[in-house]
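A look at the structure
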Amino acid sequence: MQANVLQKIAENKNGDVQINRSVKKLYKRLWVYIWQNKLPFAIAIVMIFCLSFVQVLIPQITRYAIDTVIPGKNFDQLPWIGGAILLVSLLVGVFNFLRSYMMSLFGHRILNNIRNDLYQHIQKLSISFFDNRRTGDLMSRLSGDVNAMGNLITADIPEIFADSITVVAISVYLFSTDWQLTVMVLVTWPLMIYLSQVFGKWMRDAYRDVQVSGAAINSHIQDTISNINIIKSFGNEQYEIDRFADYSRHYMDANIRAVRLWSLFFPVIGILNNLGTLIVVVFGSSEVMLGRLTIGELAAFLAYISQMNQPIRRFSKVMNIMQRAIVASDRVFEILDIKPEVTEKEDAVAIANLQGKVTFENVEFAYSHNGQVVLHEFNLEIQPGMTVALVGSSGAGKSTVAKLAMRFYDPQKGRILLDAYDLRDVTLDSLRDRVGIVSQETLLLYGTIRDNIAYGKLDATDEEIEVAAKAANAHQFIMSFPEGYNSIIGERGLKLSGGQRQRLAIARVLVKNPQFIVLDEATSALDTESESLIQESLQKLLKDRTSIVIAHRLSTIYNADLIIVMEEGRILEMGTHAELIAKRGRYAYLHGIQFPQKTTLLESIEEIKEIKEIEPIGVKGLKPLKVVESKVVVPELTTF
Ligand SMILES: Nc1ncnc2c1ncn2[C@@H]1O[C@H](COP(=O)(O)OP(=O)(O)OP(=O)(O)O)[C@@H](O)[C@H]1O
């Protein structure tokens, strides 16, 4: 299994994350952000120019001292020479400070923009996006990859900029002093550029491995820490430790491969670089001896060559960071390029004066365009204030109906209406304002109890929060905590019992006061007291509101205005509890096997043979229940 997982990571690096952006494209993309922060950038660029200019001055002063001051024994000029060097050094210091500060300001602002854009984009992506992504991978992109891009912007763009200007300025001077010698020095450059490209490609491949395997570690950590209860309950700690070690080794190997390449590249460039110095010393000395170059000029030449060496050495170091940043930016922009599937129309209208009627009209839905159809020709009309219970086997499509009603997805065919509004025509904010969900897994956010209830209405007053908590039968237990409403609850509300969490979730929806409720009832075993408290608060929640309840509790089913029995994405039967029991159909059968003591019409499962007569309402082609000899085989039940 571990081998499989690692194999998937290896496959993923060639499929999911394709490195298709060159440095040029990356900078083109970054240009938008650069433009937003142009002021510090412009100041830094001016400083870079000033710096290049004053840096070129020092060897000139040295040359003047060697060639003019020393031979002429002009002692009186020495203080001026010293003063000039001091002044230039001071200017270099000031320009350097401004350049480095402005560039960092610029870089960090860009990073802040990218990070916020990415987070905002992820928040706005549709649920379908999250169905196929691992949280750890997204976290890696938001933190690790954005930071890797940051290294390029904060440290390297300015260096590369400054260096290229320095190199051009020096080259111009060298050419004007002795062009033949300069050509000889620059002869090594094409080779250096070629090698940089070859190594650059290898390093990108290596860093792609590093980022992908790093993201896999994050995903693994996220998965295993958030599911620590399962791991411990199965005693699988050692299994997870071994899996983690595998991920970690894979990450280490990828890093070592990248480091090996970079470690090789650095000395190769160093050797080529020293070749330039060798040429200047050997040929430059002979030029001096031939009288074509002064000693001062040779000294200045050597000083410039060493000034040029610095950018080249730095460039070879930067290559490493740059390749990493290219891979990282590819992963960041890959997410930014994904378009949300559920979008708001430009002329979307805000919902006003909602009665609460919900209509599904010929809805057909598959989770992905080529995927299996999970809802077929689904038609349902829910009148304002009605409670509709959805029941059926696991995988019948009950949760899908609820998700479509909240517009987490759009149906491929048909439409869903809230009153007369097609869900696709309304603003998402106004829709979500009017719909509330209480799900099976009650997720509470880290913060106080008050914050968690107010999450349903961010500007809720303390009074509103308390009224909601009282209605949800939560006030009493909240007040039993020393800090009351200010008690901090853990990441997932770990300090609270399942029943308490549920009551907080109900309070959260009550404070929001939506007209339409989707309730995915919890199956978790609650003690009788919690059960009755929750039942009571649920009744308050559902009163006078339209609701779709994915029903697990008998009482909800009894009280529902309409029960929809679903099978394989279709409605098989519908009616009230009494009507459906009297019909002796699928509902009666499911009721019979789950609650035999309450069944009056079905004494035992064997009587079920008649059920094979049942056909789905108005739908041809759905398999009736399979009858094997005298026994009935039904799909596995998880709900009802
Ligand atoms: N995010 C998803 N992506 C792809 N397929 C999905 C997704 N969610 C559900 N499905 C598939 O859609 C079908 C209907 O699932 P749904 O969750 O609606 O059933 P359900 O009746 O609510 O089941 P349960 O009672 O077990 O929760 C199932 O075959 C399921 O595998």
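Residues numbered from 1 in each chain as written. Predicted model: local features only at pLDDT ≥ 70, side-chain atom pairs only at ≥ 80, totals over all residues. Heavy atoms only, no water.

The protein chain goes by ABC transporter ATP-binding protein/permease in an unreviewed UniProt entry, where it is assigned to Limnofasciculus baicalensis BBK-W-15. Under the heading Subcellular location (unreviewed entry), UniProt records this for the protein chain: "Cell membrane". (UniProt positions renumbered as here; feature names shortened; annotations may be inferred.)

This part covers the overall build of the protein chain. A tally of helices and strands in the protein chain yields 21 helices and 14 strands. Within the protein chain, the fraction of its 640 residues that count as buried is 47%. Counting only contacts in the protein chain whose residues sit at least 6 apart along the sequence, the fraction spanning at least 24 positions is 78%. (Helix = DSSP H or I, 4+ residues; strand = E, 2+ residues; numbered from the N terminus. Buried < 20%, exposed > 50% of the residue type's maximum accessible area, 1.4 Å probe, protein only. Contact = heavy atoms within 4.5 Å.)

With that settled, consider the pattern of salt bridges. All chains considered together, the criterion is met by 24 salt bridges. Among the ionic pairs, D205 bridges to K201, the shortest N-O distance being 2.9 Å. Residue D205 and its partner K201 are located together in helix α8 (residues 189–226), separated by four residues, close to a single helical turn. We classify K201 as partly exposed; its relative accessible area is 43%. The closest approach of N and O atoms between K470 and E466, which form a salt bridge, is 3.2 Å. Of this pair, K470 and E466 both sit in helix α15 (residues 462–471), separated by four residues, roughly a single helical turn. (Salt bridge = Lys/Arg side-chain N within 4 Å of Asp/Glu carboxyl O.)

Strand order in the open sheet formed by four strands is β2-β1-β4-β5, with antiparallel pairing between adjacent strands. Edge strands, defined here as strands with exactly one partner in the open sheet, are β2 (373–382) and β5 (421–422). Two strands pair when backbone bridges link them, and strand β1 (residues 358–366) and strand β4 (residues 413–418) are joined in this way by five bridges, in the antiparallel orientation. Looking at β4, one finds that E364 is bridged to K413. Against the sheet, helix α12 (residues 398–405) contacts β1, β2 and β4, and its axis sits at roughly 115 degrees relative to β1. (Pairing = 2+ DSSP bridges. Axes fitted to C-alpha atoms, helices over the stretch in contact; angles between N-to-C directions.)

Topologically, L336 is positioned in helix α11 (residues 295–336). Aside from chain neighbours lying at most four places away, what touches L336 is R29, Y33, D117, L118 and H121.

Packed helix pairs are characterised by how far apart their axes lie and by the angle those axes make with each other. Closest axis-to-axis distance for the α15/helix α17 (residues 498–512) pair is 8 Å, and the angle between their directions is 130 degrees. Taken together, α15 and α17 sit at an angle that is classed as oblique. The crossing of α15 and α17 is right-handed. Of the residues in α17, those touching α15 at E464, I465, A468, A469 and A471 are A507, L510 and V511. Tallied by class, the residues present in the contact of α15 with α17 amount to seven nonpolar, no polar and one charged. (Parallel < 35°, antiparallel > 145°, perpendicular 65-115°, else oblique. Left-handed = near helix turned anticlockwise from the far one by under 90°. Nonpolar A, V, L, I, M, F, W, Y, C, P; charged D, E, K, R; others polar.)

To continue, consider the site of the ligand. Around the ligand, the structure places 15 residues, and the nearest of them are S394, G395, K398, S399 and T400. One of the side-chain N or O atoms of S394 is found 2.7 Å from an oxygen atom in the ligand. Taking G397, its main chain carries an N or O atom lying 2.9 Å from an oxygen atom of the ligand. Coverage of the ligand by the protein amounts to 63% of the 630 Å² it exposes when considered alone. (Near = heavy atom within 4 Å. Polar contact = N/O pair within 3.5 Å; in protein donor to acceptor, adjacent residues only side chain to side chain. Areas by Shrake-Rupley, 256 points an atom, 1.4 Å probe, with all protein chains shown as cover.)

On the surface, M184, L275, L278, V281, V282 and F283 cluster together into a nonpolar patch covering about 480 Å² of accessible area. Ranked by residues supplied to the nonpolar patch, first place goes to helix α10 (residues 237–289) with five residues. Take L278: it is sitting in helix α10. In this structure L278 comes out as partly exposed when scored by relative accessible area, which is 49%. (Patch = residues over 30% accessible without salt bridge, like charges linked within 9 Å, V, L, I, M, F, W, Y side chains within 5 Å.)

Turning to the packing of helix α3 (residues 38–69) against helix α4 (residues 78–124), a few remarks are in order. Axis separation between α3 and α4 bottoms out at 8 Å; the angle between their running directions is 160 degrees. When the axis of α3 is compared with that of α4, the two are roughly antiparallel. At the point where α3 passes α4, the crossing takes the left-handed sense.

Most of strand β10 (residues 546–550) is tucked away: five of the five residues are buried. The side-chain alternation of β10 yields two buried faces, one formed by T546, I548 and I550 and the other by S547 and V549. Relative to β10, strand β3 (residues 387–392) runs parallel, the two being bridged by four bridges. Its bridge partner lying in β10, A389 is registered against V549.

On to the nonpolar core. Grouped together as the largest cluster of nonpolar side chains are 43 residues, with contacts concentrated most on I453, I478, L504, I506, L541, I563 and Y587. For I453, the residues in contact, after removing those within four places along its chain, are I465, A469, I478, Y485, L504, A507, R508 and V511. In terms of nonpolar packing, the next biggest core, distinct from the first, is built from 36 residues, M322, I326, A328 and V332 among them. (Core = buried A, V, L, I, M, F, W, Y, C linked by side-chain atoms within 4.5 Å.)

It is worth spelling out the packing of aromatic side chains at this point. Applying the stated criterion across every chain, the model contains eleven aromatic pairs. Relative to Y101, the ring of F97 lies with its centre 5.9 Å away and its plane at 5 degrees, an arrangement referred to as stacked. Taken together, the positions of F97 and Y101, both in helix α4 and four residues apart, correspond to about one turn of that helix. On the basis of relative accessibility, which here comes to 42%, the residue Y101 falls in the partly exposed class. Three or more aromatic residues joined by ring pairs form one cluster here, namely F199, W202 and F265. Across the ring face of W35, the terminal group of K38 is positioned such that the distance to the ring centre comes to 4.7 Å. (Phe/Tyr/Trp six-rings, centres within 6.5 Å; stacked < 30°, edge-to-face > 60°. Lys NZ or Arg CZ within 6 Å of the ring centre and 35° of its normal.)

Take the pairing of β4 next. Across two bridges, β4 lies against β5 in antiparallel orientation. Each residue of the ladder has a partner; that of L418, found in β5, is Y421. Counted between consecutive antiparallel strands, the loop separating β4 from β5 contains two residues, among which D419 sits at a positive phi close to 50 degrees.

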